[in-house]
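Below, each chain spelled out in residue letters.
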Amino acid sequence: MASVTFDHVVKKFGDFAAIQEMNLDIHDEEFLVLVGPSGCGKTTALRCLAGLEEVTAGKIYIGDRLVNDVPPKDRDIAMVFQSYALYPHMSVFDNMAFGLKLRKLPKDQILQRVENSAKILGIEGLLKRKPRELSGGQRQRVALGRAIVREPKVFLLDEPLSNLDAKLRVQTRAEISKIHNKLGTTFVYVTHDQTEAMTMADRIAVMNKGLLQQLDTPQELYDRPANLFVAGFIGTPAMNFFTMKLVREGDTLFVDNGEFKIKIPSDKFAKLVHLTGKDVVFGIRPDDIHNPDYSPSNIHGEHVKAKVDVVELMGNEILVYLVSNSGNNFVGRVDPRSKYIIGETAEVIFNMDNCHIFDPTANPENPVAVR
């Protein structure tokens, strides 16, 4: 097993920097997910780690070993791609054993590794079949099995669930988490799907435009995003944002956009008072917008009125999409007993204990969270 270190890694394609000075420590046996939108640099980072791309600057370590000049085959890693890339003329057994045969391992050792991996993945009964006889989920497990039999120090997975349907994706991501727990190996997993990242990762590295935005546990990213990009990317539906002015009246702070004037809890006063009179971005998650009839009793709640635009009945919850007179759109995740009518003006409660304030002073494009 091994840790992985990116030490001031830069990767450029001509003048374009796909990765901008990335520093990242991945712990031994950790399941780390690189997440971000298309073009953010996450797959490039994985390919640099695999040795499929040469870094422009910086160093990459697997364990204590510098691997910048080590060929991919000698890095002791195994990679699973979005495409299954199975040999159609070979059986499942031969697909899984192919890499081991190239390394000229003894036949009995190959048989043992393939059978053990097949048992972990639940595909023991498929070893004699050809890929065309398998479902998409079964083919994905064979691709995983081909990586597992190598017993590498680090597993690299590049959006391995992208080709699966929604139900199978949920099932397979649970299986991958179980495999990680059984193997106790370092996993580096790339996805653009933040739900996959939140449900599978020990820690998540959020990337955008080649920059590492924040590295933390899923819950910390959700509760304490470092900036506006992370706040908007993590969470479904996304956090609601309002451009507002922070105003002070005595010892009380409010955020005011001319339509809503919302009181900030007193315990946040000291952290925010220096922004008095300035424009800020106010953020609140849909989970913290409640129907007044079913609102928790122990919160600092502020009432807001807006017109109901769309209502999505989810069974265990309702997503109500609202629009203010000034055109601010926002969404609340409310109690399933709620009754909202499209077109009516409705009242909701913001849980201000969990509100977020972002300061655009230093970086207007990606305001930093005020802590």
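Look up a bit, the structure's there.
Residues numbered from 1 in each chain as written. Predicted model: local features only at pLDDT ≥ 70, side-chain atom pairs only at ≥ 80, totals over all residues. Heavy atoms only, no water.

(A) Up close: the pattern of salt bridges. Tallying each qualifying case throughout the model produces 16 salt bridges. Among the salt bridges present, the one from Glu53 reaches Lys11, with a minimum N-O distance of 3.9 Å. Taken together, the positions of Glu53 in the loop between helix 1 (42–50) and strand 4 (57–62) and Lys11 in strand 1 (residues 4–13) put the pair 42 residues apart, joining distant regions of the chain. The exposure class assigned to Lys11 is buried, which follows from its relative accessible area of 9%. Note that Asp94 is salt-bridged to Lys101, the shortest N-O span being 3.1 Å. (Salt bridge = Lys/Arg side-chain N within 4 Å of Asp/Glu carboxyl O. Helix = DSSP H or I, 4+ residues; strand = E, 2+ residues; numbered from the N terminus. Buried < 20%, exposed > 50% of the residue type's maximum accessible area, 1.4 Å probe, protein only.)

(B) Just the sheet that holds strand 12 (residues 252–256), in detail. Strands sit in the order 13-12-11-14-20-21 across an open sheet of six strands; the sheet is antiparallel. Bordering the open sheet on either side are strand 13 (261–263) and strand 21 (368–369), each of which pairs with just one other strand. In this sheet, strand 14 (residues 279–284) lies alongside strand 11 (residues 240–249) in antiparallel orientation, the contact comprising six bridges. Bridge pairing in strand 14 places Phe241 opposite Gly283. (Pairing = 2+ DSSP bridges.)

(C) Highlighting helix 3 (residues 107–121). Its 15 residues place the ends of helix 3 21 Å apart at the C-alpha level, agreeing with the 21 Å of an ideal helix rising 1.5 Å per residue. Residues Ile110, Arg113, Val114, Ser117, Ala118 and Leu121 constitute the buried set of helix 3. Summarising the axial view, the buried residues of helix 3 lie within an arc of 130°, below the 170-degree limit, and thus occupy one face. Exposed side chains of helix 3 directed beyond 90 degrees from the buried face belong to Asp108 and Lys119. Buried residues along helix 3 sit in contact with helix 2 (92–102), helix 4 (136–148) and helix 5 (166–183). The first or second residue beyond helix 3 is Gly122, which carries a positive phi of 70°. (Expected span 1.5 Å × (residues − 1). Arc of directions from axis to C-beta. Contact = heavy atoms within 4.5 Å.)

(D) A look at the side chain of His290. Relative to the helices and strands, His290 resides in strand 15 (residues 289–290). What makes His290 buried here is its relative accessible area of 13%.

(E) Main features of the pairing of strand 7 (residues 154–158). Burial analysis of strand 7 places five of its five residues in the buried class, which makes it a mostly covered element. Burial along strand 7 is two-sided: the residues Val154, Leu156 and Asp158 and Phe155 and Leu157 are all buried. Here four bridges tie strand 6 (residues 77–80) to strand 7, and the two strands are oriented parallel to one another. By the bridge assignment for strand 7, Ile77 is matched with Val154. Bridge count between strand 7 and strand 8 (residues 186–191): five bridges; the pairing is parallel.

(F) Layout of unusual backbone geometry. Here the residue pair Thr236 and Pro237 is connected by a cis peptide bond, since its omega of -10° sits within 30 degrees of zero. One can find Pro237 in the loop between helix 8 (228–233) and strand 11. Positive phi is not limited to glycine here, since His8 has a value of about 50°. A relative accessible area of 40% places His8 in the partly exposed class.

(G) Layout of the sheet that holds strand 3 (residues 31–35). Strand order in the open sheet made by the six strands is 6-7-8-3-9-10, with mixed pairing throughout. Strands at the two margins of the open sheet, each flanked by one partner only, are strand 6 and strand 10 (211–216). Here the strands of the sheet are splayed against their neighbours by 15° on average, with no regard to which way each runs. (Axes fitted to C-alpha atoms, helices over the stretch in contact; angles between N-to-C directions.)

None of this, on its own, says anything about what the molecule does.
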